[in-house]
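Structural features, examined
What follows is each chain in one-letter form.
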Amino acid sequence: MARETAFEDRVRAALDEHGIAVSAVEEAGLLHLAAWMHDGVQRLDLAGQPPVDHQVLDLPISELGQRLRDGRLSAVALVRATLARIAARDPDILSFYRVLAETALREAEAADADLAAGIDRGPLHGIPVGIKDLIDVAGVPTTANAPGRADALAEQDAEVVRRLRAAGAIIMGKLATYEWATVGPDRRGLFPPARNPWNPEHITGGSSSGCAAAVAGGMLRITVGTDTGGSVRGPSFYCGTVGLKPTFGLVPTDGVLELAPSLDHIGPIAASTAEAALTLDVLAGLSGERSAMRRLGEPVSGLRIGYARDWFASDAQTMPAVRDAVDAAVSTLSGQGALVTEVALPDYPDVEVAVAAILHAESFRLHATALRDHPQAYGRRAFLSLAAGVALSGDEVDKARAAGRAFRAAVDDLLDQHDVLITVGALTTALPAAPFEKEAQWTPMRTIGFNVSGHPVLALPVGFHQGLPIGMQIVGRHHAEALVVQFGHAIEVATDFALQRPPGLR
């Protein structure tokens, strides 16, 4: 209030100095216009540095943070560069449903002001982040890419968004998803499907498609997605990003649209293992001895790997290049002193059908009334996927849950003898999108079992084939995120796969 009075007194003094007489009503209007210009110019002064080279967006968050703190970069300049790159690249990639330019710039101004005042909110302070459109951002529709949710305005932030804001992160917008996190890509959805930056004619993977596409396309370093059957990890395999599915229940799901509550996880998709880990620390409220970052950079020598090679190597769907890339990644860790033993996991087809039954039963229960009363609120493909749960009897679901518990016990037994388990992510590189756009397809992945077991899993790139990324999974004990991060980082420092980005980006 004192600042406003001082400004108004200054304007009145200037009027008197120049002998300009105005009425009280005229003065109010003049003061309003003068305040608008004054505040606007002050903001221009705040961001009045030379335009930032867009290549700053390719720097890791640790380097961006250093520049924000030593004055070489402002959060406003970083957000402006991000907006410019989104404008240049996203028309071809379609990762964003909505870009929140005005609010992002306001948040960036606040982040700069905090740093200037000595308030440092942590490693994500001033860092742009994108949010999958199943997660509430206050004042923005959470559409789930569903026709009936085009105007479903979120009244408040999801808990994970609240935590990101408290950590100083800048919310840049809402990112593409398959409808209700079910099947896709579907060109008949509320929004067009995101495209794979490595090859737009191939799938991104789902359902956190926009999250991975935005990171692979160099528009963001970190995003937040959901994973019910592999939706953080699948897009990471196919787009060459890092996805971290945490221990079940570690990250709160308040304000996140459910698909199957006993399988739903929230996790980051990032440009590197370190950035995924530091984002998870914010999402889960981890620090100190619980931090996912705490073992980053420590050697893996003497640690034990259980290599579940039989889960994929002899499968007829497995591309030889995929098998060879995962073998090479495990050899890299062995060369660093890790102790590798081949192990056997339960047959994947049995695990897959059991967890799929749980997923469909739970999602049908959530949507049954709406499917009956408001079928027009769904795209037809998502409608049929959700409705499939009607066919499952209670006894069948109970049997499926028993199989899920048995799988969890088998993984626990192996992790009693090993520090981590390693296996393939997807059996192929990203497949051509055209067949998926005609009808629902089931991608050959090895992910869904770890949703029912609840173990933390890191997905990361370990190679390329014909210009498309290949991904691998590192599985840890419950709440042992730091170990899987340690192994993922060890692979990254020995290879350049996580550093590579699609050619031809503008």
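What this report covers is the structure whose coordinates are included nearby. Predicted, not measured: the structure shown is a model, and the values here were computed from it.

1. Some words on the overall build of the protein
- The helix and strand inventory of the protein stands at 16 helices and eleven strands.
- In summary, the protein has a C-alpha radius of gyration of 25 Å against a globular reference of 23 Å for 506 residues, a match within 12%.
- If you line up the protein on its principal axes, its C-alpha atoms span 90 × 60 × 40 Å.
- Looking at the 506 residues of the protein, the share that counts as buried comes to 55%.

2. Observations concerning the packing of helix 6 (residues 159-166) against helix 9 (residues 273-284)
- Their axes nearest at 8 Å, the elements helix 6 and helix 9 cross at an angle of 110°. Between helix 6 and helix 9, the angle is such that the two are roughly perpendicular. Crossing of helix 6 over helix 9 shows right-handed handedness. Contacts from Val 160, Arg 163 and Leu 164 in helix 6 reach Val 282, Leu 283 and Ala 284 in helix 9.
- Its residues assigned to classes, the contact of helix 6 with helix 9 shows five nonpolar, no polar and one charged.

3. Details of the pattern of salt bridges
- Inspection of every chain in the model, using the stated rule, returns 27 salt bridges.
- Between Asp 114 and Arg 121 there is a salt bridge, with its nearest N and O atoms 2.9 Å apart.
- Overall, Asp 114 belongs to the buried group, its relative accessible area being 17%.
- Arg 121 sits in the partly exposed class, given a relative accessible area of 40%.
- Between Asp 315 and Arg 446 there is a salt bridge, with its nearest N and O atoms 2.8 Å apart. Here Arg 446 lies in the loop between helix 14 (434-438) and helix 15 (449-453) and Asp 315 lies in the loop between strand 7 (304-307) and helix 10 (320-335), a separation of 131 residues in the sequence.
- The exposure class of Arg 446 is buried, given its relative accessible area of 6%.
- Residues participating in the shared-partner salt-bridge network are Glu 63, Arg 67, Asp 70 and Arg 72.

4. Remarks on the pairing of strand 8 (residues 339-342)
- Pairing between strand 7 and strand 8: four bridges, direction parallel. Bridge assignment links Gly 306 to a residue of strand 8, and that residue is Thr 341.

5. A look at a negative patch on the surface
- Together, Asp 310, Glu 342, Asp 347 and Asp 350 line one region of the surface with negative charge.
- Taking relative accessible area as the criterion, Asp 350 reaches 53% and is therefore assigned exposed.

6. Considering a nonpolar patch on the surface
- Nonpolar side chains collect at one region of the surface, where Ile 20, Val 22 and Leu 30 lie side by side and expose about 210 Å² of accessible area between them.
- Within the secondary structure layout, Leu 30 lies in helix 2 (residues 24-46).

7. Some remarks on the packing of aromatic side chains
- Applying the stated criterion across every chain yields a total of nine aromatic pairs.
- Between Tyr 97 and Phe 191, the aromatic rings sit 4.1 Å apart at their centres with planes inclined by 25°, giving stacked as the arrangement. Placement of the pair is Tyr 97 in strand 1 (residues 96-99) and Phe 191 in the loop between strand 3 (170-175) and helix 7 (209-216), with a sequence separation of 94 residues.
- Ring geometry for Phe 464 versus Phe 497: centroids 6.3 Å apart, planes at 55°, classification tilted. One end of the pair, Phe 464, is in strand 10 (residues 457-465); the other, Phe 497, is in the segment after helix 16 (481-494), with 33 residues separating them in the sequence.
- Three or more aromatic residues joined by ring pairs form one cluster here, namely Trp 311, Tyr 348, Phe 407 and Phe 450.
- The aromatic ring of Phe 383 is capped on one face by Arg 380, whose charged end is 4.3 Å from the ring centroid.

8. Focus: the nonpolar core
- Counting 103 residues, the largest nonpolar core has Leu 164, Met 172, Leu 333, Met 472, Ile 474 and Phe 487 as its most contacted members.
- Looking at which element gives the most residues to this core, the answer is helix 4 (residues 75-93), with nine residues.
- Each residue touching Met 472, except ones within four places of it in the same chain, is listed here: Phe 237, Val 326, Ala 329, Ile 422, Thr 423, Val 424, Gly 425, Leu 458, Ala 459, Leu 460, Val 462 and Ile 491.
- If you look at the next biggest cluster of nonpolar residues, it comprises 36 residues, including Leu 257, Ala 357, Leu 371 and Ala 400.

9. Some points on the sheet that holds strand 2 (residues 128-132)
- The mixed open sheet is built from eleven strands, whose spatial order is 1-3-2-4-6-5-10-11-9-7-8. In this open sheet, the two edge strands, each paired with only one partner strand, are strand 1 and strand 8. Strand-to-strand twist of the sheet, defined as the mean angle between neighbouring strand axes without regard to direction, takes the value 30°.
- Relative to strand 4 (residues 222-227), strand 2 runs parallel, the two being bridged by three bridges.

10. Focus on unusual backbone geometry
- Cis geometry is adopted by the peptide bond preceding Pro 185, which originates at Gly 184 and carries an omega value of -5°.
- Residues Gly 206 and Ser 207 are joined by a peptide bond in cis, for which omega reads 0°.
- Position of Ser 207 among the secondary structure elements: in the loop between strand 3 and helix 7.
- The phi dihedral of Ala 144 is positive, around 55°, even though this residue is not glycine.
- We note that Asn 145 has phi near 60°; this positive angle belongs to a residue other than glycine.

11. With respect to the side chain of Thr 142
- Counting through the fold element by element, Thr 142 comes out in the loop between strand 2 and helix 6.
- Of note is the side chain of Thr 142, whose polar atom sits 2.5 Å from the side chain of Asp 136.
- Sequence-distant contacts of Thr 142, defined by excluding residues within four places in its chain, comprise Asp 133, Leu 134, Ile 135, Asp 136, Val 137, Arg 149, Ala 152, Ala 154, Lys 174 and Leu 257.

Cut-offs and rules
- Residues numbered from 1 in each chain as written.
- Predicted model: local features only at pLDDT ≥ 70, side-chain atom pairs only at ≥ 80, totals over all residues.
- Heavy atoms only, no water.
- Helix = DSSP H or I, 4+ residues; strand = E, 2+ residues; numbered from the N terminus.
- Rg over C-alpha atoms; globule rule 2.2 N^0.38 Å.
- Buried < 20%, exposed > 50% of the residue type's maximum accessible area, 1.4 Å probe, protein only.
- Axes fitted to C-alpha atoms, helices over the stretch in contact; angles between N-to-C directions.
- Parallel < 35°, antiparallel > 145°, perpendicular 65-115°, else oblique.
- Left-handed = near helix turned anticlockwise from the far one by under 90°.
- Contact = heavy atoms within 4.5 Å.
- Nonpolar A, V, L, I, M, F, W, Y, C, P; charged D, E, K, R; others polar.
- Salt bridge = Lys/Arg side-chain N within 4 Å of Asp/Glu carboxyl O.
- Pairing = 2+ DSSP bridges.
- Patch = residues over 30% accessible without salt bridge, like charges linked within 9 Å, V, L, I, M, F, W, Y side chains within 5 Å.
- Areas by Shrake-Rupley, 256 points an atom, 1.4 Å probe, with all protein chains shown as cover.
- Lys, Arg positive; Asp, Glu negative; His and termini not counted.
- Charge placed at Lys NZ, Arg CZ, Asp CG, Glu CD.
- Phe/Tyr/Trp six-rings, centres within 6.5 Å; stacked < 30°, edge-to-face > 60°.
- Lys NZ or Arg CZ within 6 Å of the ring centre and 35° of its normal.
- Core = buried A, V, L, I, M, F, W, Y, C linked by side-chain atoms within 4.5 Å.
- Polar contact = N/O pair within 3.5 Å; in protein donor to acceptor, adjacent residues only side chain to side chain.

Note that every value here comes from positions in space, so none of it alone points to a role or purpose.
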